[in-house]
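Residue strings, one per chain:
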Amino acid sequence: MSLSAKEKVIVKDFFAKVSSRSDEIGAEALARLIVVYPQTKSYFAHWKDLSPNGAPVRKHGITVMGGVYEAVSKIDDLAGGLLTLSELHAFVLRVDPVNFKILSHCIMVVLSMLFAEEFTPQIHVAVDKFLALLALALAEKYR
Amino acid sequence: MVQWTDFERATIQSVFEKMDYDDVGPAALSRCLVVYPWTQRYFGNFGNLYNAAAIQGNPMVAAHGKTVLHGLDRAVKNMDDIKATYAELSVLHSEKLHVDPDNFRLLADCLTIVVAARMGAAFTADVQGAFQKFLAVVVSSLGKQYH
């Protein structure tokens, strides 16, 4: 399942449109991840404050969303473009890839909440595919 | 048996009480058919499903979306024994309709996205948690009688 040229345009345009709220999207998505899927907190045991609206969670959500935007800019070669990030996730963070799917879902729930009119089914499918391919690229160096 | 907190019970009742079934049902099913096109395999006799616009305008999809959403009513009213409530429906989906149970999860995800859009900020993380837990129990119950 690869992105068609049209879908790449849809993804780039949509993320450009919502970029002014990207920090909010990232913070909210990560907050939902740890509330709705508490097992994900296991990756953040070293944080003093694991409250969904606390500073560490919100800051990290912003970081993660920055990564998503980096991926959008490298949409024509995700595996190559995200090599360094993949090495980070594979050798240092060792996040189980199942969590990429879960976070993608949380990101899309937030997009749907904040941009109800814009997040049409056509845009939803393109974004869903993009996030799935992003996850695959992140898992590239895992084994 | 599934344990529900008071918050979860109240949230599920409230979300479904406020829901516009005629809007959410068709929106969720049509979104599922667009986002996960392989789910169209079960609707060969629904006519034109050739593109997103056709799917979203298809009256049979809309009608079936309402049917499916109303199917959740029984679980909303019987939260303490959803498994038994859906035993018959599970057999139906397995023996007669031959629906891959993973599709229930896909539809549940689309329903979550649609409800999030309709509720906006009211769809807080805690509400999302309760809603997804409810749907997970429904999905599991619908898959229980498959063998």
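Residues numbered from 1 in each chain as written. Chains lettered and ligands numbered in written order. Predicted model: local features only at pLDDT ≥ 70, side-chain atom pairs only at ≥ 80, totals over all residues. Heavy atoms only, no water.

The name an unreviewed UniProt entry assigns to chain B is Hemoglobin subunit epsilon 1, from the organism Oncorhynchus kisutch. Entered under Sequence similarities (unreviewed entry) in the UniProt record, the comment concerning chain B runs "Belongs to the globin family." (UniProt positions renumbered as here; feature names shortened; annotations may be inferred.)

As recorded in an unreviewed UniProt entry, chain A goes by Hemoglobin subunit alpha-2 and comes from Oncorhynchus kisutch. Heading Sequence similarities (unreviewed entry) of the UniProt record for chain A holds this comment: "Belongs to the globin family."

What follows deals with helix 5 (residues 83–93) of chain A. All names here are of chain A. The complete set of buried residues in helix 5 reads Ser86, His89 and Ala90. In a view along the axis of helix 5, the buried residues occupy a sector of 90°, so they form one face of it. Looking at helix 5, the residues exposed on the side facing more than 90 degrees away from the buried face are Thr84, Phe91 and Val92. Packed against the buried residues of helix 5 are helix 6 (98–114) and helix 7 (121–138). One or two steps after helix 5, the chain reaches arginine 94, where phi turns positive at roughly 50°. (Buried < 20%, exposed > 50% of the residue type's maximum accessible area, 1.4 Å probe, protein only. Helix = DSSP H or I, 4+ residues; strand = E, 2+ residues; numbered from the N terminus. Arc of directions from axis to C-beta. Contact = heavy atoms within 4.5 Å.)

This part is about the packing of aromatic side chains. Scanning the entire structure with this criterion turns up 14 aromatic pairs over all chains. On the numbers, 6.1 Å between centres and 80° between planes, the contact of B:Phe123 with B:Phe131 is edge-to-face. In this structure, B:Phe123 and B:Phe131 share a single accessibility class: buried. An aromatic cluster is built from A:Phe14, A:Phe15, A:Tyr69, A:Phe115, A:Phe119 and A:Phe130, whose rings are joined through pairwise contacts. (Phe/Tyr/Trp six-rings, centres within 6.5 Å; stacked < 30°, edge-to-face > 60°.)

What follows is about the interface of chain B and chain A. In this complex, chain B contributes 22 residues to the contact, which on the side of chain A involves 19 residues. Taken together, the two surfaces of chain B and chain A that pack against each other cover about 1,700 Å², and 62% of this comes from carbon and sulfur. Counting the surface chain B buries against chain A, the share from its top three residues, B:Arg31, B:Ile113 and B:Gln128, is 31%. Inspection of the region where chain B meets chain A yields zero salt bridges. At the surface where chain B touches chain A, the tally comes to eight residue pairs in polar contact (both at pLDDT 80 or more). Counting residues per element, the ones that place at least two in the side of chain B that touches chain A are helix 2 (21–35), helix 3 (52–57), helix 8 (102–119) and helix 9 (125–143) of chain B. For the side of chain B that touches chain A, the element with the most residues is helix 8 of chain B, which contributes six residues. In terms of residue class, the side of chain B that touches chain A is built from 12 nonpolar, seven polar and three charged. (Buried area = accessible area lost by both parts, 1.4 Å probe. Salt bridge = Lys/Arg side-chain N within 4 Å of Asp/Glu carboxyl O. Polar contact = N/O pair within 3.5 Å; in protein donor to acceptor, adjacent residues only side chain to side chain. Nonpolar A, V, L, I, M, F, W, Y, C, P; charged D, E, K, R; others polar.)

Here we come to the nonpolar core. Counting 95 residues, the largest nonpolar core has A:Phe130, B:Phe131 and B:Phe134 as the members making the most contacts within it. Ignoring sequence-local partners within four residues, the contact set of A:Phe130 consists of A:Leu3, A:Val11, A:Phe15, A:Val68, A:Ala71, A:Val72, A:Ile75 and A:Leu78. (Core = buried A, V, L, I, M, F, W, Y, C linked by side-chain atoms within 4.5 Å.)

Right, let's get into the packing of helix 1 (residues 6–18) of chain B against helix 9 of chain B. All names here are of chain B. The geometry of helix 1 relative to helix 9 is characterised by a closest axis approach of 9 Å and an angle of 85° between their N-to-C directions. Here helix 1 lies roughly perpendicular to helix 9, going by the angle between them. Seen from helix 1, the contacting residues are Phe7, Glu8, Thr11, Ile12, Val15 and Phe16; seen from helix 9, they are Asp126, Val127, Ala130, Phe131, Lys133 and Phe134. (Axes fitted to C-alpha atoms, helices over the stretch in contact; angles between N-to-C directions. Parallel < 35°, antiparallel > 145°, perpendicular 65-115°, else oblique.)

UniProt records the feature "domain: Globin" (unreviewed entry) for residues 2–143 of chain A in the present numbering. Spanning residues 2–143 of chain A, this segment combines 68% helix with 0% strand, and its end C-alpha atoms are found 22 Å apart.

Now for unusual backbone geometry. Notably, A:Arg94 is not glycine yet its phi reads approximately 50°, a positive angle. Position of A:Arg94 among the secondary structure elements: in the loop between helix 5 and helix 6. The exposed category is assigned to A:Arg94, whose relative accessible area is 59%. You will see that B:His98, though not glycine, has its phi angle at about 55°, which is positive. With respect to the helices, strands and loops of the structure, B:His98 is situated in the loop between helix 7 (87–96) and helix 8.

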